[in-house]
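Here are the chains, one letter per residue:
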Amino acid sequence: MRSCKTAPELQALAEKNPGRLITLEADFTVEESVEILRQKIASMTSTLDQVIYVAGVFIGLTAVTQVGLAALKQNIEVNVYGAYSAAAAFSSFLLKSDYPNRVFVLFGSSFGSITTAKENFDFHNAAFGTTGINATAVYDISKVSYNSYQALTWRSFSDVLTKTAEARLAIEFDLELRPQGVPFLLVHPGLVQTDMNNKGMISVDTSVDGLVNVIGKYSAERKEKFLDYRGEELPW
């Protein structure tokens, strides 16, 4: 969990925007922590127009044959279990909203794509100066888990993941809530230059500006379910 105390830029932004930006903390891998957050928000409002689950980790930068089970578990706990906790806790706020573009957004990644797995494999070798391995393998696997509802045909490791509840969380929430006006949208922010990824190819501002536009225009009537920051549909 990233603490607000260790995020000075966020603190400074909140101080410049009193009443507009409120910072609250929660560990989305712990149900009790998520429930406390839900109660805090419920004490302030009964509705939310849009919910965006951005939290994620990238642990285990090495070959999939060497990374070990602990790293895979850590990636899945935050990137999948955490996404489920957020969706389960805050969908009810969206259902009460009358905003025409209400939506629950999950930050996916093109690295989780089954269709472009070979291209991603080659890209990672070039980016990290490696040969014959995918250094981001466990992160990519964790992204497959909740990106999985876009893939109609599964291969290899993803066959195992689809047997778990977390691998189908996006489709299950979308199937249940889209008919009630609350769609679930996956977005790929692009390869952003951040403290988590020094191999990024675009700036934070470029990514954020694009995502604000994409998310702001999305509605339950749209057919696309996985878009990048430019609004382009991505393959799975």
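- As annotated in an unreviewed UniProt entry, the chain carries the name NAD(P)-binding protein and comes from Aspergillus pseudoviridinutans.

## Focus on the pairing of strand E3 (residues 184-188)
Stage number 1. Here E3 lies mainly inside the structure; five of its five residues are buried.
Stage number 2. Side chains Phe184, Leu186 and His188 of E3 all project onto a buried face; the interleaved residues Leu185 and Val187 project onto the opposite face, where all are buried too.
Stage number 3. Sheet topology note: the strand E2 (residues 103-107)/E3 ladder contains four bridges and is parallel. Across the sheet, the residue bridging to Phe104 is Phe184, located in E3.
Stage number 4. Running through helix H8 (residues 204-217), the crossover from E3 to the neighbouring parallel element strand E4 (residues 226-228) is left-handed.

## A few points about the pattern of salt bridges
Any two side chains of opposite charge can pair, given that their charged atoms come close.
Stage number 1. Following the criterion strictly, the structure yields six salt bridges and no others.
Stage number 2. The shortest N-O distance in the salt bridge between Glu224 and Arg222 comes to 3.0 Å.
Stage number 3. A relative accessible area of 27% places Arg222 in the partly exposed class.
Stage number 4. Here Glu232 makes a salt bridge to Arg230, at a shortest N to O gap of 3.6 Å.
Stage number 5. Since its relative accessible area comes to 42%, Glu232 is described here as partly exposed.

## Observations regarding the nonpolar core
Stage number 1. Grouped together as the largest cluster of nonpolar side chains are 24 residues, with contacts concentrated most on Phe28, Leu37, Tyr53, Phe90, Phe104, Leu106 and Phe184.
Stage number 2. Elements supplying a minimum of two residues to this core: helix H2 (31-42), strand E1 (50-53), helix H3 (69-95), E2, helix H7 (169-177) and E3.
Stage number 3. Among the elements that make up this core, the one with the highest residue count is H3 (eight residues).
Stage number 4. By size, the runner-up hydrophobic cluster in this structure holds 13 residues, among which are Val103, Phe107, Ile202 and Leu227.

## What to know about the side chain of Ser85
Stage number 1. Among the structural elements, Ser85 can be located in helix H3.
Stage number 2. Apart from the residues lying within four places of it in its own chain, the contact partners of Ser85 are Phe28 and Val34.

## Here we look at the packing of H2 against H3
Stage number 1. Following both chains from N to C, one finds H2 and H3 inclined at 20 degrees, their axes separated by 10 Å at the closest point. In terms of their interaxial angle, H2 and H3 are classed as roughly parallel. Crossing angle aside, the handedness with which H2 passes H3 is right-handed. Counting all contacts with H2, which are made through Val34, Leu37, Arg38, Ile41 and Ala42, the residues of H3 involved are Ser85, Ala89, Phe90 and Phe93.

## Some remarks on the packing of aromatic side chains
Stage number 1. Evaluated as defined, the whole model comprises four aromatic pairs.
Stage number 2. Residues Phe104 and Phe184 carry aromatic rings whose centres are separated by 4.7 Å and whose planes lie at 10 degrees to one another, so their mutual orientation is stacked. Of this pair, Phe104 sits in strand E2 while Phe184 sits in strand E3, and the two are 80 residues apart along the sequence. The two residues Phe104 and Phe184 agree in class, both being buried.
Stage number 3. In textbook terms, an aromatic cluster arises when at least three aromatic residues are bridged by ring pairs, as seen for Phe28, Tyr53, Phe90 and Phe93.

What counts as what
- Residues numbered from 1 in each chain as written.
- Predicted model: local features only at pLDDT ≥ 70, side-chain atom pairs only at ≥ 80, totals over all residues.
- Heavy atoms only, no water.
- Buried < 20%, exposed > 50% of the residue type's maximum accessible area, 1.4 Å probe, protein only.
- Helix = DSSP H or I, 4+ residues; strand = E, 2+ residues; numbered from the N terminus.
- Pairing = 2+ DSSP bridges.
- Right-handed = clockwise from strand over helix to strand, strands pointing away.
- Salt bridge = Lys/Arg side-chain N within 4 Å of Asp/Glu carboxyl O.
- Core = buried A, V, L, I, M, F, W, Y, C linked by side-chain atoms within 4.5 Å.
- Contact = heavy atoms within 4.5 Å.
- Axes fitted to C-alpha atoms, helices over the stretch in contact; angles between N-to-C directions.
- Parallel < 35°, antiparallel > 145°, perpendicular 65-115°, else oblique.
- Left-handed = near helix turned anticlockwise from the far one by under 90°.
- Phe/Tyr/Trp six-rings, centres within 6.5 Å; stacked < 30°, edge-to-face > 60°.

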